[in-house]
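As a plain string of letters, each chain reads:
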Amino acid sequence: MHYLVGVDGGGTGCRVAVADSSGAVLARAEGGPANIASDADAAARTILACVSEALTRAAGPSADVRAVRAGLGLAGANARGAPERLAAALPFPARIETDAIAAARGALGGADGLLAAIGTGSVFVRQRGGETRQFGGWGLILGDEGSGARLGRAALSRALRAHDGFTPLTPFLCDLLARHGGPSGVVAFSLTATPRDFGALAPEILASDDPAARALWAENVSDIAEILQALGAGPGLPVTFTGGLGPAYAAALPYLPQRAALGTALDGALLLAREVG
């Protein structure tokens with residue numbers, strides 16, 4: 001008997017599902033981080049441990065790992081050489097894609113459409129005519145348009161510009177400066193802040209009626225609309241919004257054809273497993 005194994009791995013954790021040949025999930029397991037670019041060896045150990053645990057739960061301790069066909073959606077899979085190194089360490093055949101591709105397969109199934117996954121970071125996937133292609137996902141320094149991290153960073157940047165008199169110093173911006181101990185505190189914060197640190201400001205920005213907060217949000221909505229239109233959003237390519245900020249963008253862009261997600265990245269990984277020979 002062959003087992004289908006789906007793996008959804010990222011910087012915060014690894015999730016595994018084992019299914020039978022019909023796709024019925026038999027068991028699941030979870031583990032630690034599994035970014036194959038930032039720590040390939042640790043990611044491989046985590047993935048193998050989670051697969052072994054889930055397979056044992058599904059078929060007992062005598063389950064043969066060689067009976068596995070796996071689909072892996074992993075953070076870091078777009079780094080040169082990372083998928084090949086992982087594949088060489090796996091005792092079973094596997095298809096390795098980015099976590100964004102797996103998320104798109106899970107969300108869109110086999111249908112044409114666009115995935116806009118927007119949370120702390122952002123990434124976009126277009127699935128059309130059987131071809132699935134990722135766009136963005138380059139991180140805060142080079143990309144992450146519309147993301148929580150980008151929104152928070154822009155708020156702090158605007159606060160400094162307001163301090164210099166280049167833009168109005170609104171109550172929201174004044175409060176940001178005060179909370180960080182003034183401009184020098186904002187700069188000090190920026191030197192060690194992670195995307196998650198910047199992104200922590202996003203919910204506050206969305207909830208604020210302050211003119212600066214509204215302008216920041218409007219700029220990001222415009223950025224996302226421009227990206228989706230460039231990718232061909234329309235009746236034949238509806239948009240599926242996911243991630244922490246997905247619902248907010250869905251509400252802000254009601255004129256774009258939209259479709260709810262059919263499933264998760266783990267569901268998508270199991271679909272990838274079906275394509276392994």
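As a reminder, the structure under discussion sits directly above these lines.
Residues numbered from 1 in each chain as written. Predicted model: local features only at pLDDT ≥ 70, side-chain atom pairs only at ≥ 80, totals over all residues. Heavy atoms only, no water.

Enquirer: Could you give an account of a nonpolar patch on the surface, naming the residues involved and the relevant values?
Expert: On the surface, W138, I141 and L142 cluster together into a nonpolar patch covering about 450 Å² of accessible area. Along the polypeptide, I141 turns up in the loop between β8 (131-136) and α4 (148-163). For I141, a relative accessible area of 78% puts it in the exposed group. (Patch = residues over 30% accessible without salt bridge, like charges linked within 9 Å, V, L, I, M, F, W, Y side chains within 5 Å. Areas by Shrake-Rupley, 256 points an atom, 1.4 Å probe, with all protein chains shown as cover. Salt bridge = Lys/Arg side-chain N within 4 Å of Asp/Glu carboxyl O. Helix = DSSP H or I, 4+ residues; strand = E, 2+ residues; numbered from the N terminus. Buried < 20%, exposed > 50% of the residue type's maximum accessible area, 1.4 Å probe, protein only.)

Enquirer: Give a detailed account of the sheet that holds β8, specifying residues and quantitative values.
Expert: Here we have 4 strands laid out as an open sheet, ordered β8-β7-β6-β9, and mixed in their pairing. Because the sheet does not close on itself, it has two edges, and the strands there are β8 and β9 (239-242). Across the sheet, the axes of successive neighbouring strands diverge by a mean angle of 15°, strand direction being ignored. When strand β6 (residues 113-118) meets β9, the two strands line up parallel, connected through 4 bridges. Counted as the bridge partner of L115 is T240 from β9. Sitting on the sheet, helix α3 (residues 99-108) touches β6, β7 (122-128), β8 and β9, and the angle it makes with β6 is about 125°. (Pairing = 2+ DSSP bridges. Axes fitted to C-alpha atoms, helices over the stretch in contact; angles between N-to-C directions. Contact = heavy atoms within 4.5 Å.)

Enquirer: Can you break down the sheet that holds strand β4 (residues 68-74) residue by residue, with the values?
Expert: On the basis of which strands lie adjacent, the open sheet formed by 5 strands has the order β3-β2-β1-β4-β5 and mixed pairing. Edge positions in the sheet fall to β3 (25-31) and β5 (94-98), since each of these pairs with one other strand and no more. Each strand of the sheet is rotated relative to its neighbour by a mean of 15°, with strand direction disregarded. Sheet topology places strand β2 (residues 14-19) next to β3; 6 bridges connect them, and they run antiparallel. Residue V18 lies in a different strand from β3, and its bridge partner there is A27. Against the sheet, helix α1 (residues 40-59) engages β1 (3-9), β2, β3 and β4, with an angle of about 150° to β3.

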